[in-house]
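Here is what each chain is made of, one letter per residue.
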Amino acid sequence: MEVKSNMRDNVKKSMMKFLIAAIVILGLCVSTSGVTAAIGPTIELYPEEPTPQSTVLFTVTIPDSETVSNVQLIVKECKEGDICFTDSFNESMTEKDVDTFEVEITLKHDTATYIEYHVGYLNNDVWEESDSEKLDLKIESNNGNSNGGNDDTNGTPGFEAIGVLISAIFILLILNKRKR
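Quantities reported herein were computed from a predicted structural model and do not represent experimental measurements.

Reading guide: rules and limits
- Residues numbered from 1 in each chain as written.
- Predicted model: local features only at pLDDT ≥ 70, side-chain atom pairs only at ≥ 80, totals over all residues.
- Heavy atoms only, no water.
- Disulfide = S-S within 2.5 Å.
- Helix = DSSP H or I, 4+ residues; strand = E, 2+ residues; numbered from the N terminus.
- Contact = heavy atoms within 4.5 Å.
- Polar contact = N/O pair within 3.5 Å; in protein donor to acceptor, adjacent residues only side chain to side chain.
- Buried < 20%, exposed > 50% of the residue type's maximum accessible area, 1.4 Å probe, protein only.

Asker: Give a detailed account of the state of the cysteines, specifying residues and quantitative values.
Answerer: Inspection of every chain in the model, using the stated rule, returns one disulfide. Covalently, Cys78 is tied to Cys84 through a disulfide, its sulfur atoms 2.0 Å apart. Measuring the twist about the S-S bond at about 90°, one finds the Cys78-Cys84 disulfide to be right-handed.

See the structure below:
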């Protein structure tokens, strides 16, 4: 009889622990549901797919920017292998409309394959920065030249035919030897 009583007491203790844990977790969920994250700045580019050495218009929208000042755009041009050029941009942006800032820059490097950019700004005398974003640059396959639809850019069109011609001669020689 005593074993059953101990078992009931253990079950009651377990149920109480579970009930207390559930109340604590529920309390935490209710208390944090009113917390909302501040909406950060959004950055738009025109053109949306810039090319190396093109001029790009950056438009930044910062919600509730009444207390925002000194908006800076930071842009790095990079190439494959995560190698970035040292002469990055750090441009002041001008306010064009309520909550909207703009700046236009011309990319410098023809070998850049992507850009990384973000904004920094003073908000109530506290410096804040957005997350860095990466955008692949649109690379023209033929350096802007047309070579009849052939994407071979080695500059010597037609020399592929020599390899085909030599292969055809060897095949003919092998076939002739087999016939004899």
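Asker: Can you explain the environment of Ser92? Please cite residues and give values.
Answerer: Residue placement: Ser92 occurs in strand E5 (residues 89–92). Here the alpha-carbon distance between Ser92 and Gln72, two residues 20 residues apart in the chain, equals 4.6 Å. Not counting residues up to four positions away in its chain, the partners in contact with Ser92 are Val71, Gln72 and Val103. A distance of 2.8 Å separates a polar atom in the side chain of Ser92 from a polar atom in the side chain of Gln72.

Asker: Describe the environment of Val75, with residues and values.
Answerer: When you line up the elements, Val75 lands in strand E3 (residues 68–79). Owing to a relative accessible area of 0%, Val75 belongs among the buried residues under this scheme. Sequence separation between Val75 and Tyr117 is 42 residues, and the spatial gap between their C-alpha atoms is 4.3 Å. If near-sequence neighbours (up to four positions away) are discounted, Val75 is found in contact with Phe58, Ser88, Phe89, Ile105, Ile115, Glu116 and Tyr117.

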